[in-house]
Amino acid sequence: RGSAEAIAQWRKQPVVIGAEKMPASFLKHAEDQTALGLMTVLRAVEEQAWQARSFADWGVIAAPNLFGRVSIAQTIQRYRQEGAWGISPQLIPHQSLHAMSGTISQALKIYGPNFGIGGGPNAGPDAPLLAAAMMMDEHLPGLWVVLTGYEAEWIPSAAGPTPPPPCQAVALALAPIKIGASGIHLSFGQAQSESEID
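Here is a short report on the structure shown in this document.

Remarks on the packing of helix 2 (residues 32-47) against helix 5 (residues 99-108)
- Where helix 2 contacts helix 5, the two axes come as close as 9 Å, and the packing angle between them is 40 degrees. The angle between helix 2 and helix 5 falls in the class oblique. For the pair helix 2 and helix 5, the crossing hand works out as right-handed. On helix 5, the residues that touch Gln33, Thr34, Gly37, Leu38, Val41 and Leu42 of helix 2 are Ala99, Met100, Thr103, Ile104, Ala107 and Leu108.
- When its residues are assigned to classes, the contact of helix 2 with helix 5 shows 8 nonpolar, 4 polar and no charged.

Some remarks on the packing of aromatic side chains
- Overall, the coordinates contain 5 aromatic pairs when judged by the stated rule.
- With a centroid separation of 6.3 Å and an interplanar angle of 70 degrees, the aromatic rings of Trp50 and Trp144 are classed as edge-to-face. With a gap of 94 residues between them, Trp50 in the loop between helix 2 and strand 3 (59-63) and Trp144 in strand 5 (residues 143-150) connect regions that are remote in the sequence. The pair Trp50 / Trp144 is uniform in exposure class, with both members buried.
- The structure contains a cluster of three or more aromatic residues connected by ring pairs, namely Trp50, Phe55, Trp58 and Trp144.
- Sitting over the face of the ring of Trp50, Arg53 holds its NZ or CZ atom 4.7 Å from the ring centroid.

Quick notes on the side chain of Asn65
- Examined against the element boundaries, Asn65 turns out to sit in the loop between strand 3 and helix 3 (69-82).
- A polar contact is formed between the side chain of Asn65 and the backbone oxygen of Thr148, at a distance of 2.8 Å.

Overview of the side chain of Thr40
- With respect to the helices and strands, the residue Thr40 is situated in helix 2.
- For Thr40, a relative accessible area of 19% corresponds to the buried category.
- If near-sequence neighbours (up to four positions away) are discounted, Thr40 is found in contact with Ala169, Val170 and Ala171.

Calculation rules
Residues numbered from 1 in each chain as written. Predicted model: local features only at pLDDT ≥ 70, side-chain atom pairs only at ≥ 80, totals over all residues. Heavy atoms only, no water. Axes fitted to C-alpha atoms, helices over the stretch in contact; angles between N-to-C directions. Helix = DSSP H or I, 4+ residues; strand = E, 2+ residues; numbered from the N terminus. Parallel < 35°, antiparallel > 145°, perpendicular 65-115°, else oblique. Left-handed = near helix turned anticlockwise from the far one by under 90°. Contact = heavy atoms within 4.5 Å. Nonpolar A, V, L, I, M, F, W, Y, C, P; charged D, E, K, R; others polar. Phe/Tyr/Trp six-rings, centres within 6.5 Å; stacked < 30°, edge-to-face > 60°. Buried < 20%, exposed > 50% of the residue type's maximum accessible area, 1.4 Å probe, protein only. Lys NZ or Arg CZ within 6 Å of the ring centre and 35° of its normal. Polar contact = N/O pair within 3.5 Å; in protein donor to acceptor, adjacent residues only side chain to side chain.

If you want it as structure tokens, here you go:
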């Protein structure tokens, strides 16, 4: 969970993954949900001590809610004040639906599939369905599923910029496990019978 002020501070700090440091400008143009989603993934990596782990063959699914809405509204207000010179050419690539999954893929050097889904209100329920389909074919060693959204709907104000409400994010690292392994399990598909487990 992060306020607009906290996310702005994270954006200014270099992204560090293990011994590697991304450029300080890596998140400069990122949408708030992208910045918070990446920070949530990195916190999970740190808590699991996975800094040296390779995620190269993994995939990423990002399910943001109303992605780009805050940034685009603020950009329109800036355009009214400053004209075209006040608009960055980085706006479009960083405000599109696939920007969050692409940014996470770049940070973790993931070469597997990555894409954003939903983008509108209540995008979250689509993520487990797609994750299940992607994990069932057993081609991916793992999959990051990142869900983000604001605590309340942010309504642009004609009077000028207003701060968006706090943003929230959840990052799940899904990987196939052997039956009987310890830890939190999430099952997709039909339950196995005892005879199938043997």
